[in-house]
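# Working through the structure, step by step
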Amino acid sequence: MLDKPNRNFLANNSSPIGNTIAKLIANQPGDYSLQQAFYTSPEIYRFEIDNVLMKHWHCVGHQSQIAEAGQYLVYDIDKESIIVTRAQDGEIYAMSNVCRHRGSRICDGSGKAEGNTLVCPYHAWSYGLDGSLQHARMMPRNFDKASHGLTRLPVRVAQGLILVSLSESPLEIDTAIQTVDGIYGNYDWANAKVIHQNKITFKANWKLALENQVECMHCGPAHPEFSDLHGMGLPNEAQLRQELVERTKALDLNFVCNDLWALNAPEGHEMTFADRVPMKPGVLSATSDGNPVAPIMGNLPAHDGAFSLYYVGPHNHFITYSDYGGMFCYSPKSADETTLTFTWLVRGDAKEGVDYHREKVTWLWDVTSAADKKIVEDNHLGVLSRFYNPGPYALPIEYKTARFTKWYLEAMMRAVETLPAEDAA
Ligand code: FES
Ligand SMILES: [Fe+2]
């Protein structure tokens, strides 16, 4: 069982959803997968999106995707849509993709704003790249344009990653930004470039996708290609890790790892994690023959036979080898649908067809993501059954999955405890 919910928690649940969640948490066995309703209930999904996820940060892309003034991209999560622009002064802005006239979506996908103006397709109100309303068609001369700009959202850029929160009071992000600098600065992700992106829809709850993302117990059976290359989960992983520490020292490189992820995150701060993991002996990169397929990144003096992990928030995971990297950004759509946007990066000045071939860079994570889609969707189908019951995590190999669900339950418990009086009444 979890730690006993406190008295406030149990007393504060005369709201139907608060009551439902309180009972589920009280009956949740510790280090077991979640009870069915946490994965399937649309009401719980709505509660967790509104009360848990909105104050977190979401990676919406990499700055190389909007390198020029006027370029924009669109990021969707749940029922929300966000426009992220590069303005003429080089700044990056994030704003709600909801027209201030009658609420239409304005942009669909990524693109370049003609005349540096975003025009609503419905009645042609137009906005600047910072979201300010420029022209409100057919409105009176004295119409107050200044108070009808698009709703601006907090945005930060770290090692090129564009992080956006949908909350006016998001979690503190500075430590997570220092973390990415400490691990990905060596690869100079700030000056890397995106070469390919896949959007994959998992017909599965977002928590099943994330539980799978953070464990490698499934790597043996589900990912033979990955397992042939990576040292993760091998019986001699500890020894390989020690050898990696010595290799890194010999290369005179400094990587700062930390674990402020899940419940290790200090109160009010975004969770973050950084780790260095060895490849199998003799393997330099995650490619079909283990050899690099793109120029060495950043200031690495040599291919180091390792990969570096970085997490920020519950949904955003990153991996980088010495020659290419990948971004795993999950966005929940509904209780039973989640989008994974997988994005590949290489060194910023690498030339396609000369320095790298896209299909060689994308091979491993193409096959691995497709396999993950299948196993996560099968997991969701099983969880829907009347015969599903929470099952025990295999520890220690599934320890991060156990940590993820503990964090989730704790966050839900706190959200119920702090329900406003009118919701609890
Ligand atoms: S809804 Fe956008 S201009 Fe009317
Ligand atoms: Fe996987």
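Residues numbered from 1 in each chain as written. Chains lettered and ligands numbered in written order. Predicted model: local features only at pLDDT ≥ 70, side-chain atom pairs only at ≥ 80, totals over all residues. Heavy atoms only, no water.

## Structural notes on the domain arrangement of the protein chain
In terms of domain boundaries, the protein chain breaks down into domain 1 (64-155) and domain 2 (171-383). Taking only C-alpha atoms into account, the centre of domain 1 sits 32 Å from that of domain 2. Tallying the contact residues gives six residues for domain 1 and eight residues for domain 2. Across the domain 1/domain 2 interface, buried area totals approximately 580 Å², and carbon plus sulfur atoms make up 44% of it. Of all residues in domain 1, S64, Q65 and D78 give up the largest surface area on contact with domain 2, accounting jointly for 62% of the area buried on that side. At the boundary of domain 1 with domain 2, the tally comes to zero salt bridges. Counting across the domain 1 and domain 2 interface gives four residue pairs in polar contact (both at pLDDT 80 or more). A per-class count over the side of domain 1 that touches domain 2 returns two nonpolar, two polar and two charged. (Domains from an automatic or database assignment. Contact = heavy atoms within 4.5 Å. Buried area = accessible area lost by both parts, 1.4 Å probe. Salt bridge = Lys/Arg side-chain N within 4 Å of Asp/Glu carboxyl O. Polar contact = N/O pair within 3.5 Å; in protein donor to acceptor, adjacent residues only side chain to side chain. Nonpolar A, V, L, I, M, F, W, Y, C, P; charged D, E, K, R; others polar.)

## Some remarks on empty space enclosed by the protein
One pass over the full model with this rule turns up two cavities of 30 Å³ or more. The volume enclosed by the largest cavity comes to roughly 40 Å³. Taken together, ten residues line the largest cavity, and the ones lying closest to its centre are D31, Y32, T405, K406 and L409. Split by residue class, the lining of the largest cavity holds five nonpolar, three polar and two charged. There is about 30 Å³ of room inside the second largest cavity. Contributing to the lining of the second largest cavity are Q213, F328, Y330, L340, W365, S369 and D372. Here the element with the most residues in the lining of the second largest cavity is helix 10 (residues 358-383); it accounts for three residues. (1 Å grid on protein atoms, 1.4 Å probe; cavity = no way out; pocket = protein on both sides within 12 Å on 5 of 7 lines; lining within 4 Å. Points joined across faces, edges and corners; volume = space filled by probe spheres on them. Helix = DSSP H or I, 4+ residues; strand = E, 2+ residues; numbered from the N terminus.)

## Overview of the layout of surface pockets
In this structure, the largest pocket spans a volume of roughly 490 Å³. For the largest pocket, the lining is made up of 30 residues, of which V214, E215, C216, M232 and K400 are closest to its centre. Considered class by class, the residues forming the lining of the largest pocket number 17 nonpolar, seven polar and six charged. If you go around the second largest pocket, you meet 19 residues; those closest to its centre are K55, E267, G268, W407 and R414. Secondary-structure elements contributing two or more residues to the lining of the second largest pocket are helix 4 (42-53) and helix 11 (399-417). Sorting elements by how many residues they give to the lining of the second largest pocket places helix 11 first, with five residues. Broken down by class, the residue content of the lining of the second largest pocket amounts to ten nonpolar, five polar and four charged.

## A look at the coordination of the iron ion (ligand 2)
Coordination of the iron ion (ligand 2) by the protein comes from H218 (NE2), H223 (NE2), D372 (OD) and D372 (OD), over a distance range of 2.0 to 2.6 Å. Viewed at the metal, the four donor atoms of the iron ion (ligand 2) are separated by angles of 55 to 155°, and the geometry they form is irregular. Every donor residue of the iron ion (ligand 2) comes from the same chain, spaced as H-x4-H-x148-D. Exposure class is identical for H218 and H223. Each is buried. (Donors = N, O, S within 2.8 Å, 3.2 Å for Na, K, Ca; no water. Tetrahedral: all angles 85-135°; square planar, octahedral: opposite > 155°, others 65-115°. Buried < 20%, exposed > 50% of the residue type's maximum accessible area, 1.4 Å probe, protein only.)

## Thoughts on unusual backbone geometry
Cis geometry is found at the peptide bond from L395 to P396, where omega equals 10°. On the secondary structure map, P396 appears in the loop between helix 10 and helix 11. In this model, D78 sits at a positive phi of 55°, which is unusual for a non-glycine residue. Summarising the element assignment, D78 is placed in the loop between strand 2 (71-77) and strand 3 (80-86). In the Ramachandran plot, D188 falls in the positive-phi region, its phi being about 50° despite a non-glycine side chain. Mapped onto the elements, D188 comes out in the loop between helix 5 (174-184) and strand 12 (193-202). Since its relative accessible area comes to 29%, D188 is described here as partly exposed.

## Observations concerning the side chain of D78
In this structure D78 comes out as buried when scored by relative accessible area, which is 10%. Looking at D78, its side chain comes within polar contact range of the side chain of R46, at 2.9 Å. Filtering out sequence-adjacent residues up to four positions away, D78 remains in contact with Y45, R46, I49, P332 and K333.

## Concerning the packing of aromatic side chains
On inspection of all chains with the given rule, the structure shows 22 aromatic pairs. When the ring of F226 is compared with that of W365, the centres are 5.7 Å apart and the planes differ by 70°; the resulting orientation is edge-to-face. Note that F226 is positioned in helix 8 (residues 224-227) and W365 in helix 10, a separation of 139 residues in sequence. For the residue pair F226 and W365, the accessibility class agrees, reading buried in each case. Centre to centre, the rings of W261 and Y311 are 5.6 Å apart; their planes meet at 65°, and the pair counts as edge-to-face. Taken together, the residues W261 in the loop between strand 13 (258-260) and strand 14 (272-278) and Y311 in strand 15 (residues 306-312) connect sequence positions 50 residues apart. Take W261 and Y311: they sit in the same class, and that class is buried. (Phe/Tyr/Trp six-rings, centres within 6.5 Å; stacked < 30°, edge-to-face > 60°.)

## A short note on the pattern of salt bridges
Pairing between side chains becomes possible if they bear opposite charge and their charged atoms approach one another. In total, this model carries 16 salt bridges according to the counting rule given. In this structure, D50 and R46 form a salt bridge, with 3.2 Å as the shortest nitrogen-oxygen distance. Linking D50 with R46, this pair stays in helix 4, spanning four residues, or about one helical turn. Overall, D50 belongs to the partly exposed group, its relative accessible area being 43%. The exposure class of R46 is partly exposed, given its relative accessible area of 26%. The salt bridge involving R241 is made with D275; its shortest N-O contact spans 3.1 Å. Here R241 is found in helix 9 (residues 237-250), whereas its partner D275 is found in strand 14, with 34 residues between them in sequence.

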